[in-house]
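Inside the fold
Letter by letter, the chains look like this.
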Amino acid sequence: VIRCRAAVAWAPGKPLSVEEVEVAPPKAGEVRIKLVATGICRTDEHLLRGCFPNAEFPVIPGHEGAGIVESVGEGVTSMKPGDKVIPLCIPQCGECSFCRNPESNFCQKSHMSEPQNLLPDKTSRFSCKGKQIHHFLWISTFAEYTVVPEYAVAKIDAAAPLDKVCLFGCGFSTGYGAAINTAKVKPGSTCAIFGLGGIGLSVVMGCKSAGASRIIAVDINKDKFAKAKELGATDCINPQDFKKPIQEVLTEMTGQGVDYSFEAIGHQDTMIAALASCNMSTGIRVMIGELDSGSAISIDPTLLLTGRTWKGTVLGGSWKMRECIPKLVSSYLEKKFNSDLLITHTLPFAKVNEGFELL
Ligand code: NAD
Ligand code: ZN
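Numbers given for residues are sequential positions, taken from 1 along each chain in its written order. Chains carry letters and ligands carry numbers; both start at the beginning, A for chains and 1 for ligands, and go up in the order they are written. pLDDT decides what is reported in this predicted model: residues at 70 or higher carry local features, side-chain atom pairs at 80 or more are listed and counted, and totals for whole chains, interfaces and linings draw on all residues regardless. Hydrogens are left out, water is left out, and the side-chain values use all remaining heavy atoms of the structure.

1. So, the coordination of the zinc ion (ligand 2)
Only Cys41 (SG), His63 (NE2) and Cys170 (SG) from the protein coordinate the zinc ion (ligand 2), and they sit 1.9 to 2.4 Å from it. Since its relative accessible area comes to 7%, Cys41 is described here as buried. A donor here means an N, O or S atom no more than 2.8 Å from the metal, or no more than 3.2 Å when the metal is Na, K or Ca. Since water is not included, a site may seem to lack partners. Think of it in three bands: residues with accessible area under 20% of the maximum for their type are buried, residues over 50% are exposed, and the middle band is partly exposed, with areas taken using a 1.4 Å probe on protein chains only.

Given below as structure tokens:
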């Protein structure tokens, strides 16, 4: 058993508390990882507010980390202590029908098919003050050590800087993959991205690398526009600067609406606006933002009748996580894109609550 620090959420709506926790050794088929860096994603904040489906407390959040294998359980063959790794919140078992389908990354052997905050054997490796603490998405990266099933870990290049490539665990891969894999953005096309957080800015990068000719970035926070332009946005607009609805503005700007629209915020109204912003015939609107569990959206069905497509995406569409994340890390090391530009602040672990305030 390892004693180390972790940020524990004891109850919904409370700040995280940095505690000493016990982390049990990995069981058969599991890997214990010493985490070196983690990002903060809006999804962690959904969890802290108690708005994540089926989440149980107390829980150790975090799902965007990178680290080094500390020890492996019986039967683990694909990695050894000392390997650099990224824990995956969507695993790749390699055997289920989705893993065998090139169009899907949604492994059926995941916490999403069987929602629970425990490891696959329905036990936890974390405890604190004599209480069992739940895992989050199986990976709980707000801890100095975590235990993860082997098929939810990607081994990456030993040269990778862990404080930079931790973003590949969620934000960068989600946004970039939404453009490349889910929308399959074509060269010369027009795109609109609603929300310029870590996810939306990664979508901008994906649209740019796919060769989109017009990339329109939409946010109510003007401070995001300089970075969006640097990453490839051709236009930046603030819905609050217009009297008419933003979908009408985008339709006027592009003639008939964009070819692809992406929602990376997580609000009902912007989800509908994104749908109405893409062209009525071939427009594809990709939903990335998450709504609170139990919420519903009502839309005018004629928006879809003429041919528009509404798609969802989780962690970058068809990235096969164990195979593709190491390849994305290699492309980063070859300087094919600069995801470092997504990093706005770097804080010591004890200041995790300050990180959420900054977010
Ligand atoms: P973030 O909070 O960093 O960014 C959201 C951005 O939206 C901010 O820049 C904010 O100013 C802007 N915004 C807020 N309200 C707006 C409005 N009405 N109009 C225009 N812009 C507005 O969030 P993030 O970490 O980038 O995550 C974005 C969303 O994606 C969240 O809902 C998150 O839960 C979700 N997410 C989904 C996946 C997935 O796999 N599908 C993965 C990670 C995160
Ligand atoms: Zn995330």
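2. Things to note about the UniProt feature "domain: Alcohol dehydrogenase-like C-terminal" (unreviewed entry) in the chain
UniProt positions are given in the numbering used here, feature names are shortened, and annotations may be inferred rather than shown by experiment. Following the UniProt record, the feature "domain: Alcohol dehydrogenase-like C-terminal" (unreviewed entry) maps to residues 198-326 here. In this annotation, residues 198-326 is assigned 37% helix and 16% strand; the end-to-end C-alpha distance for the span is 20 Å. Here a strand is any run of E in DSSP of at least two residues, a helix any run of H or I of at least four, and the numbering for each starts at the N terminus.

3. Some words on the site of ligand 1
Within the structure, ligand 1 sits among 27 residues, and Arg42, Asp219, Ile265, Thr313 and Leu315 are positioned closest to it. In the model, an oxygen atom of ligand 1 is placed 3.0 Å from a nitrogen or oxygen of the Ile199 main chain. Identification of polar contacts relies on pairs of N or O atoms within 3.5 Å, with a donor-acceptor requirement for protein atoms, meaning one able to donate a hydrogen and the other able to accept it, and with residues adjacent in sequence counted only if both atoms are side-chain atoms. Contact between ligand 1 and Leu315: an oxygen atom at 2.9 Å from a main-chain N or O atom of the residue. Every accessible area reported is derived by Shrake-Rupley at a probe size of 1.4 Å, with residue values counting cover from the shown protein chains alone. Coverage of ligand 1 by the protein amounts to 89% of the 870 Å² it exposes when considered alone. No other element matches helix α1 (residues 42-49), which puts three residues into the shell around ligand 1. Under the grouping applied here, Gly and all other residues not named as nonpolar or charged are polar, the nonpolar ones being Ala, Val, Leu, Ile, Met, Phe, Trp, Tyr, Cys and Pro and the charged ones Asp, Glu, Lys and Arg. Considered class by class, the residues forming the shell around ligand 1 number eleven nonpolar, twelve polar and four charged. When residues are assigned to domains, the shell around ligand 1 turns out to be shared by domain 1 (2-170 + 317-358) and domain 2 (173-312), each giving three or more. By convention in these notes, a residue is near a molecule or strand provided one of its non-hydrogen atoms lies within 4 Å of it. Residue ranges assigned to each domain were obtained from an automatic or database domain assignment.

4. Digging into the sheet that holds strand β12 (residues 235-237)
The sheet built from six strands is open, its strands ordered β12-β11-β10-β13-β14-β15 with parallel pairing. Across the chains shown, the open sheet's two edge strands, defined by having one partner strand only, are β12 and β15 (309-312). Pairwise comparison of adjacent strand axes, ignoring direction, gives a mean angle of 20° for this sheet. Note on contacts: a residue pair is in contact if any heavy atoms of the two residues lie within 4.5 Å. The convention used is that axes are lines fitted to C-alpha atoms, helices contributing only their stretch in contact, and that angles between N-to-C directions extend from 0 to 180 degrees. Against the sheet, helix α8 (residues 268-277) contacts β10 (190-194), β13 (260-263), β14 (284-287) and β15, and its axis sits at roughly 175° relative to β13. Strand pairing is defined by DSSP finding a minimum of two bridges between the two strands.

5. Looking at the layout of surface pockets
Empty space left among the atoms is revealed by rolling a probe the size of a water molecule over them. Grid spacing is 1 Å over the protein atoms alone, the probe is 1.4 Å, and a cavity is where that probe fits but cannot get out, while a pocket is an open set with protein on both sides within 12 Å along at least five of seven lines and lining residues have an atom within 4 Å of a point. Grid points are joined across faces, edges and corners, and a volume is the space filled by probe spheres set on the points. Here the second largest pocket defines a volume of roughly 160 Å³. Taken together, 13 residues form the lining of the second largest pocket, with Glu103, Thr182, Gly312, Gly317 and Ser318 sitting closest to its centre. Listing elements by their share of the lining of the second largest pocket, those giving two or more residues are α4 (171-183) and β15. For the lining of the second largest pocket, the class distribution of residues is two nonpolar, eight polar and three charged. A domain split of the lining of the second largest pocket shows at least three residues from each of domain 1 (2-170 + 317-358) and domain 2 (173-312).

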